[in-house]
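Structural description and commentary
Residue strings, one per chain:
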Amino acid sequence: MTAKPSFNRRFIRLQAVQHLYAFYIGKQANYTGALAQIQAAFIPDVFADSPVDPTQLTQEAQQARDLFNATLATRESSPPDLAQIPSRVQVAVITALTSYKNELAKDMRKLEQGLAHSVAAMNQACVRIWQLLVEWGHLAQKQTEKPRRAQRQSMTTSVCLADSPLLQHLQKDSQLAQLVQQERAGWGAHMPLVESWYYQFVKKDPTIQRHLADLSIPTQEQRLLVFLVEEIIFGQAAIQAFFSEVDLHWATHKRLVKKRVRQGLVPSKKNSEKGPTLETFGAAAQWAEAQRFYTDLIHKVWQQDETLEALMAQHSNNWAIDRIMLLDKTIIKLALCEMCYFPSIPVKVSINEYIDIAKTYSIPKSSQFVNGLLDAIANTMRPGEASKKV
């Protein structure tokens, strides 16, 4: 069983957009939570022995917010000078900063692990789909074992599946069994669903017979599994809903999962008699280059966030930077990061890749805005300067 990861740069860029976008949302939520925490520290205590003047509390709350924001602006871990600050303000600011930094660190770890989590989710989905075919094969076999002759006419689909050499190979494949255990991709807890899908979509499908005309022909055998994968598993909303529930990013993962599932089900030329060679995405060491590009990209954006923000503001004409949608802003920052700090990537390649992402995942007019802004910035770069620090 071989592992041949095929991560192109577009896939990695899309992962960076998704996870960085989620990180920015979390960062804003953490900031809002920290301000709420500060505000709560200055709510008047009606049961205090010596009630504090509400006006004084309001002033101290504002002082705490200002000090908190000033500290964030300098990216320091604590305010530089607290000697002249009231103790209540000190405690509120330090508590809020500690909470904010801790949550930010957690979100950064999630961001760094984003690609790895996506790969794990897709790997699990591939194995789960292969195993779903196995489970359907078992159900078909049970159907053919029923003794009543009156049922034979209605069992054509079951007979075809039960007699499929490729499905029989998958059923006996010890490596698939190991992968199912390793990836926790078994269907034991979902067998009612598996059976429901089989009887509702596989057995009763009106077009399936055209794909099962003669399983003695190898190509027809492959068409059987391709049909089950593409038309049933990826074509039925109910089955897709299941995968969407277990993988929040299924909408962007499923295209590559479908490709890998199909590749894994095609018998290799060297091993055609034994059946297909299942392929998964492999261990981390086998996609180290993809992980390195992803990590370098998100770290550079975070390190240069203020610089990239300023560059966007400088070239967005009269469009206020805070009016740009967060998703578009994330796409633009990643594109600018490549243009400015990744000299091995042609500027036009970066621009085109992120425009395509904007076309697919943002609102209709976003790609035009992204295109215009990136082109405007690219035109200010003289040849050889694209990779210099802005």
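Just so it is clear, the structure is predicted and the values come from calculations on it, not from any experiment. (Residues numbered from 1 in each chain as written. Predicted model: local features only at pLDDT ≥ 70, side-chain atom pairs only at ≥ 80, totals over all residues. Heavy atoms only, no water.)

1. Considerations on the confidence of the model for the protein chain
Averaged over every residue, the pLDDT of the protein chain is 84; residues scoring 70 or more account for 82%. A low-confidence stretch, residues 1–5 (pLDDT under 50), is modelled with 20 contacts involving residues beyond four sequence positions or located in other chains. Overall, residues 386–390 carries pLDDT values under 50, and its contacts beyond four positions in sequence, including any with other chains, amount to 17 contacts. (pLDDT = per-residue confidence, 0-100. Contact = heavy atoms within 4.5 Å.)

2. Overview of the packing of aromatic side chains
Tallied over the entire structure, the rule returns 13 aromatic pairs. Geometrically, the ring pair formed by Phe-234 and Trp-250 is stacked, given 6.0 Å between the ring centres and 15° between the ring planes. Separated by 16 residues along the polypeptide, Phe-234 in the loop between α10 (218–233) and α11 (237–246) and Trp-250 in helix α12 (residues 250–265) bring together distant segments of the chain. The class for Phe-234 is buried, based on a relative accessible area of 12%. Residue class for Trp-250 comes out buried when judged on its relative accessible area of 2%. Looking at Arg-128, its charged tip hangs above the ring of Trp-187, at a distance of 5.7 Å from the centre. Between the NZ or CZ atom of Lys-300 and the centre of the ring of Tyr-341, over which it lies, the distance is 5.0 Å. (Phe/Tyr/Trp six-rings, centres within 6.5 Å; stacked < 30°, edge-to-face > 60°. Helix = DSSP H or I, 4+ residues; strand = E, 2+ residues; numbered from the N terminus. Buried < 20%, exposed > 50% of the residue type's maximum accessible area, 1.4 Å probe, protein only. Lys NZ or Arg CZ within 6 Å of the ring centre and 35° of its normal.)

3. Some points on the packing of helix α4 (residues 114–144) against helix α13 (residues 288–303)
Relative to each other, α4 and α13 sit at 140°, their axes nearing to 9 Å. In terms of orientation, α4 and α13 fall into the oblique class. Taking contact as the criterion, the partners of Gly-114, Leu-115 and Ala-116 in α4 are, on α13, Ala-290, Gln-291 and Tyr-294. Broken down by class, the residue content of the contact of α4 with α13 amounts to four nonpolar, two polar and no charged. (Axes fitted to C-alpha atoms, helices over the stretch in contact; angles between N-to-C directions. Parallel < 35°, antiparallel > 145°, perpendicular 65-115°, else oblique. Nonpolar A, V, L, I, M, F, W, Y, C, P; charged D, E, K, R; others polar.)

4. Examining unusual backbone geometry
One non-glycine residue, Arg-184, lies in positive phi territory at about 55°. By the element assignment, Arg-184 lies in the loop between α7 (174–182) and α8 (191–202). Arg-184 gets classed as exposed once you look at its relative accessible area, which sits at 70%.

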